[in-house]
Amino acid sequence: MFAYIVRRALQSVLVMASVAFVAFTLFQYMGDPINQMVAQDATLAERENLRRVLGLDRPFYVQFLVFLKNLVTGNFGFSFRVGTPVAQIIAERLPATLELVLVAAMFALFVGVPAGVYTGLHRHGALSRFMLTISLIGVSLPTFLIGILLILIFAVVLGWLPSFGRGQVVQLGFWSTGFLTTSGLKALILPSITLGLFQTTLIMRLVRSEMLEVLRADYIKFARARGLTNRAVNFGHALKNTLVPVITIAGLQIGGLIAFAIITETVFQWPGMGFLFITAIQFVDIPVMSSYLVLVALFFVIINLIVDLLYFAVDPRLRIDRSVSTH
Amino acid sequence: MRYMMATALAVAMAVAPAHAKVLRYSTNADLLGLDPAINNEGPTNAMKTNLYEGLLYRNFNLSLAPALATEWSQVSPAVWRFKLRQGVKFHDGTPFTGADVAFSLTRYQSEQADMRGYMATVKEINVVDPATIDFVTNGPDPILPQQLPLFFIMSKAWAEKNNTTQVVRGTSAPTFINFNANGTGPYKLVERVADNRTVVEPNPLWWGKLDNGITRAEFRPIANAATRVAALLSGEIDLMYPVPSQDKQRINSSKGTKVLEGPELRTIFLGFDQHRNELLDMKGSGKNPFKDKRVREAFYKAIDIQTIARVVMRGESRPTGSMVAPGIAGFSDDVDKRPAFNADEAKKLLADAGYPNGFPVTLDCPNDRYTNDEAICQAIVPMLARVGIQIKLNAQTRSLHFDKIGLKENRNTSFYMLGWTPGTFDAHNMLVNIVTLDGPGAGQNNSGVYRNPKVEELTLKAGTEMDAKKRNEMLVEAQKIHKDEYGHIPLHQQTLAWGVRDEVIDGSVKPRPSNDVDLRQIKMK
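Everything quoted here is computed from the prediction, not taken from an experiment.

Trainee: Explanation requested: the interface of chain A and chain B in the structure shown.
Mentor: Quite often, the size of an interface is put as the accessible area lost when its parts meet. Counting residues at the interface gives 48 residues for chain A, matched by 48 residues for chain B. Across the chain A/chain B interface, buried area totals approximately 4000 Å², and carbon plus sulfur atoms make up 53% of it. Scanning the region where chain A abuts chain B turns up one salt bridge. Where Asp 195 of chain B meets Arg 93 of chain A, a salt bridge forms, and the shortest distance between an N and an O atom there is 3.1 Å. In this structure, the connection of chain A to chain B is made through six residue pairs in polar contact (both at pLDDT 80 or more).

Below is the structure:
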């Protein structure tokens, strides 16, 4: 077990280094950050001077090695655009993204699972069909369009919710939270629905098909034969057994939510990491882009590790197999 | 706590817009930072103009007005003398003196200052007496006063106290000066959160008078155009720009919102490679057709600018024959007249030049820099195909485009699109950057290497000519020669569009030609 974690951790370092390398290679083709930083009539000497100051005149591999060296010491460098340390900017933006992802994931679970159960139990009901139609929209419409549609309805036409921003936030130490104010909570609604809609429909469809599968199983028939209530059969036995794949998918999707938050954050001007990344791309802000990509890689690696460890916990067969193979 | 209460107040006021004196405005990108000596970019400089002042101020009509200096004159060819306004205080209460001007100069002229171009010709500043300073230039500089609105004066004592006397950027950039400000300007900084909001309030110590009704202004960037429109329509912001073309009607037809339009100062044009002996797309031919004036004329006349204005720009452009916009010093109505569109004549010109069947060439174009930039190029492709030119369109993101046509890749282009706003509001700046090569700092953006000795001479002379009338004649003559040679193809000036909530924004407000917000020029009802 311990050896497994160590092995995975070493693999993770390799994954992150590769991501950093690929990212850095790509940045060579993104254009010149200097163009974004100087006036259009800046002289060549001024441009070269700035290039030297920023260390961009050094060869590619030197820049990469310096970046790696700094990364190991926890120094992410300075943003070209904002002029503050990247670590500080990411620390400022991380709470916004994580709160958004948390609410979106909650929305996906608490709407997706009950809706999946309902449509699984009442396959031909009118409400089921309605929910399935809605879910089709959620799967097929692109995120930015859903966001704009929600803004049009709830901000422009009805005027109930804000169309952009995070509302008023409260600072709890280093963490800025929107959970403690009315405007902060209102601001969370539209972006989290936009971000979570795809996951909601995914979970709903997953739960539905699993339910349909499980309800045909023998032990459900025996449970009914024993005279258990519908409630006990549907939720105590059927739902419990559908949840194993759902938990796996939901766990993996959290990484996806963090990564896909880019589009939602851009539509809603949400001051999180995804928005930071988009502006960094437009500005060719190499330190921010590379740090973001390495960080997202880290998230994925951690989530995958946790999911793998959950398999150990859930499935005893796996534990025995692994311990045998490590001998 | 104070900020939280202020925000709560702003939120409360947003609910009842009739009483709002809070101006909330937005554009598509955040300010780059508040350091006066770096971040030389339009909207950023406009915010700095709210917080800091130069010796002079630029009015809405681009003329100069007294600010920290009350009078100015030229005492000898290389010396400009300024009388300083007395009794002026910085936001923190320290008095403004000539020493602050001299200190600001050292900051502007330090190695890493992006704004150093504005003070490039200044040798030194001498404090003659507490009310008088002299700018000594490296030779006659007729346009020094034009540079002064963007030479922001900061407090020496404050900079020393906060350890920001040096301009540093990049790997060890101090952040204090980008998030704090202490100028003499009519507004003082309340709060700045990057990518989120920058909040200012009127400066009670300001020497002038503010009667625009604004008690607080919040700048809140919104990158997504559709969201920005929605925020205006839902009343969450009062003023925003740019307005996407397709949303103008919606804004105008909604109750309480309106689109304001005005001309912009940037001129969009096409340029040709007139330097290489062989065109990049004609390898092995040994020919560069653009060296022939008839070919350039044919290209000029083959482009139907009125159709571009009507269809691509939806009427939001002002077709032009001039490389500078009206309002820029040196603009001439005569130069502005465009030779008429005539495809048959273009064909004939090409045949005369020895290209009856045309030739292949790549058009380099940005796709995220100017209004409809890629669409304009896409419209030009069939227009030139009609006269036999085989155009390959290469549209790409701005950073790659500017690398390709710029000095970084040694002007790796045969035919390209570029836009230019003279930073000094003077045609001389355009001549230096776009159509000449010889003078100091010249030819940075002369990507096609256009060269004419007479134009070079006139541009050099105008650079030091102190007689305004003579100087203007030189600028116009240089532009005429360039036009008669079809050195570039000027296309148009874009129209700029602001969306406002006309229930709170006064009817007298007009969009600034430089497309940024100077709060003094905004009025609330």
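Having put the structure on the table, let's press on.
Trainee: Would you explain the environment of Thr 165 of chain B in this entry?
Mentor: Residues and elements named next belong to chain B. For Thr 165, the position within the fold is in the loop between helix 5 (156-161) and helix 6 (176-179). Separated by 58 residues in the primary sequence, Thr 165 and Arg 107 place their C-alpha atoms 7.0 Å from one another. If near-sequence neighbours (up to four positions away) are discounted, Thr 165 is found in contact with Phe 103, Arg 107, Ala 159 and Glu 160.

Trainee: Explain the packing of aromatic side chains here, please?
Mentor: One pair of aromatic rings is described through two measures. These are the centre distance and the angle between the planes. A full pass over the atoms with the stated rule returns 28 aromatic pairs over all chains. Centre to centre, the rings of Phe 277 of chain A and Tyr 292 of chain A are 4.4 Å apart; their planes meet at 20°, and the pair counts as stacked. Residue Phe 277 of chain A is found in helix 11 (residues 273-283), and its partner Tyr 292 of chain A is found in helix 12 (residues 286-314); the two are separated by 15 residues along the sequence. Overall, the relative accessible area of 11% leaves Phe 277 of chain A in the buried class. Ring geometry for Phe 290 of chain B against Phe 415 of chain B: centres 5.9 Å apart, planes inclined by 40°, an arrangement best described as tilted. With Phe 290 of chain B in the loop between strand 12 (257-272) and helix 9 (293-302) and Phe 415 of chain B in strand 16 (residues 415-420), the pair connects residues that are 125 residues apart, well separated along the chain. The side chain of Arg 85 of chain B reaches across the aromatic face of Trp 207 of chain B, ending 3.5 Å from its centre.

Trainee: Teacher, can you tell me more about the pairing of strand 9 (residues 197-202) of chain B here?
Mentor: Walk down a regular strand and you will see the side chains alternate between the two sheet faces. All names here are of chain B. Burial runs high along strand 9: five of the six residues are buried. Here strand 8 (residues 187-193) runs beside strand 9; their pairing, made up of six bridges, is antiparallel. Bridge pairing in strand 9 places Val 193 opposite Arg 197. As consecutive antiparallel partners, strand 8 and strand 9 are separated by three residues, and within that stretch Asp 195 has a phi angle of approximately 65°, a positive value. As paired elements, strand 9 and strand 10 (residues 216-219) share three bridges and run antiparallel to each other.

Trainee: Help me out: how do you make sense of the nonpolar core in this one?
Mentor: In summary, soluble globular proteins display a tendency toward joint burial of nonpolar side chains. All names here are of chain B. Counting residues in each nonpolar core, the largest one holds 68 residues, and the members touching the most others are Phe 299, Ile 308, Phe 359, Phe 415 and Leu 491. A per-element tally of this core places helix 13 (residues 373-386) first, with six residues. With sequence-adjacent residues up to four places away left out, Leu 491 is seen in contact with Ile 268, Phe 269, Leu 270, Ile 303, Ile 305, Arg 318, Pro 319, Thr 320, Arg 338, Ile 376, Ile 380 and Met 417. Counting 62 residues, the second largest nonpolar core, distinct from the first, contains Tyr 52, Tyr 118, Met 154 and Ile 522.

Trainee: Would you take a moment to explain the state of the cysteines for this structure?
Mentor: Residue and element names in this part refer to chain B. Within the structure shown, the criterion is met by one disulfide over all chains. Between Cys 365 and Cys 377 runs a disulfide, and the two sulfur atoms are separated by 2.1 Å. Because the torsion about its S-S bond is 80°, the bridge between Cys 365 and Cys 377 counts as right-handed. Remark: Cys 377 occurs in helix 13 and Cys 365 occurs in strand 14 (residues 360-366); sequence separation between them is twelve residues. Taken as a pair, Cys 365 and Cys 377 share a single burial class, namely buried.

Definitions and limits used
- Residues numbered from 1 in each chain as written.
- Chains lettered and ligands numbered in written order.
- Predicted model: local features only at pLDDT ≥ 70, side-chain atom pairs only at ≥ 80, totals over all residues.
- Heavy atoms only, no water.
- Contact = heavy atoms within 4.5 Å.
- Buried area = accessible area lost by both parts, 1.4 Å probe.
- Salt bridge = Lys/Arg side-chain N within 4 Å of Asp/Glu carboxyl O.
- Polar contact = N/O pair within 3.5 Å; in protein donor to acceptor, adjacent residues only side chain to side chain.
- Helix = DSSP H or I, 4+ residues; strand = E, 2+ residues; numbered from the N terminus.
- Phe/Tyr/Trp six-rings, centres within 6.5 Å; stacked < 30°, edge-to-face > 60°.
- Buried < 20%, exposed > 50% of the residue type's maximum accessible area, 1.4 Å probe, protein only.
- Lys NZ or Arg CZ within 6 Å of the ring centre and 35° of its normal.
- Pairing = 2+ DSSP bridges.
- Core = buried A, V, L, I, M, F, W, Y, C linked by side-chain atoms within 4.5 Å.
- Disulfide = S-S within 2.5 Å.

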